[in-house]
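# Breakdown of the fold
So the chains spell out like this:
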Amino acid sequence: RIRQLLSAADIQFIPEYEEPLPNISLFLENILSMCLKEAVTNIVKHSGATQCTLRVVESHDSLRFVLSDNGKGIPKDYRKSKGSGLIGIRERLDFVNGELGIEGEGGTTLTMSVPKVIKDTNREGYN
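Residues numbered from 1 in each chain as written. Predicted model: local features only at pLDDT ≥ 70, side-chain atom pairs only at ≥ 80, totals over all residues. Heavy atoms only, no water.

### Here's the deal with the overall build of the protein
Counting its regular elements, the protein contains 3 helices and 5 strands. Counted from the first residue to the last, the protein has its helices and strands arranged as α-β-α-β-β-α-β-β. Classification of the 127 residues of the protein by burial places 37% in the buried group. Accessible area of the protein: about 8,300 Å², with a carbon and sulfur share of 47%. (Helix = DSSP H or I, 4+ residues; strand = E, 2+ residues; numbered from the N terminus. Buried < 20%, exposed > 50% of the residue type's maximum accessible area, 1.4 Å probe, protein only. Areas by Shrake-Rupley, 256 points an atom, 1.4 Å probe, with all protein chains shown as cover.)

### As for the environment of Ala 39
Residue position: Ala 39 is located in helix H2 (residues 26-47). Considered as a pair, Ala 39 and Ile 89 are 50 residues apart in the sequence and their alpha carbons are 7.7 Å apart. Residues in contact with Ala 39, not counting those within four places in the same chain, are Leu 67, Ile 89, Leu 110 and Met 112. (Contact = heavy atoms within 4.5 Å.)

### Some points on the nonpolar core
Counting residues in each nonpolar core, the largest one holds 30 residues, and the members touching the most others are Phe 65, Leu 67, Ile 89, Leu 93 and Met 112. Of all the secondary-structure elements, those providing two or more residues to this core are helix H1 (2-8), H2, strand S2 (51-58), strand S3 (62-69), helix H3 (85-95) and strand S5 (109-115). Per-element accounting of this core gives the leading share, 8 residues, to H2. Other than its neighbours up to four places away in sequence, Met 112 contacts Cys 35, Leu 36, Ala 39, Leu 63, Arg 64, Phe 65, Leu 67, Ile 89, Leu 93, Glu 99 and Leu 100. (Core = buried A, V, L, I, M, F, W, Y, C linked by side-chain atoms within 4.5 Å.)

### Some points on the layout of surface pockets
By volume, the second largest pocket amounts to about 410 Å³. Looking at the second largest pocket, it is lined by 15 residues, and the ones nearest its centre are Ile 2, Tyr 17, Leu 21, Ser 33 and Leu 36. When residues of the lining of the second largest pocket are traced back to their parent elements, those giving at least two are H1 and H2. Broken down by element, the lining of the second largest pocket gets its largest block of residues, 5 residues, from H2. Per-class residue counts for the lining of the second largest pocket are 9 nonpolar, 1 polar and 5 charged. (1 Å grid on protein atoms, 1.4 Å probe; cavity = no way out; pocket = protein on both sides within 12 Å on 5 of 7 lines; lining within 4 Å. Points joined across faces, edges and corners; volume = space filled by probe spheres on them. Nonpolar A, V, L, I, M, F, W, Y, C, P; charged D, E, K, R; others polar.)

### Observations regarding H2
Because an α-helix completes one turn every 3.6 residues, residues spaced three or four positions apart along the sequence face the same direction. Here H2 is 22 residues long and its end C-alpha atoms lie 30 Å apart, about the 32 Å a rise of 1.5 Å per residue gives. Of all the positions in H2, only Leu 28, Ile 31, Leu 32, Cys 35, Leu 36, Ala 39, Val 40, Asn 42, Ile 43 and Ser 47 are classed as buried. Taken around the axis of H2, the buried residues stretch over an arc of 160°, which confines them to a single face. Among the exposed residues of H2, those pointing more than 90 degrees away from its buried face are Leu 26 and Lys 45. Here the buried face of H2 lies against H1, S2, S3, H3 and S5. Where H2 terminates, the next one or two residues include Gly 48, which has phi positive at roughly 70°. (Expected span 1.5 Å × (residues − 1). Arc of directions from axis to C-beta.)

Following this line, the structure appears as structure tokens:
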């Protein structure tokens, strides 16, 4: 979906991750999907970017999604904004004990980190 949003806005998408993504719960996948869609919507609406990069970094206990654009950068007073996009992302990540990092110089970089929950397919009931 984020590819479609960026393509429609004539913003080049540069994926820097291998597919398929790590094995995470469907719940966590849905949370991250909503966060990424909101972040990309912000890029399309506000950044003036021509490129957007998504990097996925996996460690033994967490996943980090780093979304960067080459736009005008986020204003220093973004917390005073009446928009709900970043608030919604932060609330969703808080719900799963995740974190949101924001950098706004030379474009904007959002870092969304979540603890990794691996599906246990060895339990009873899974075949």
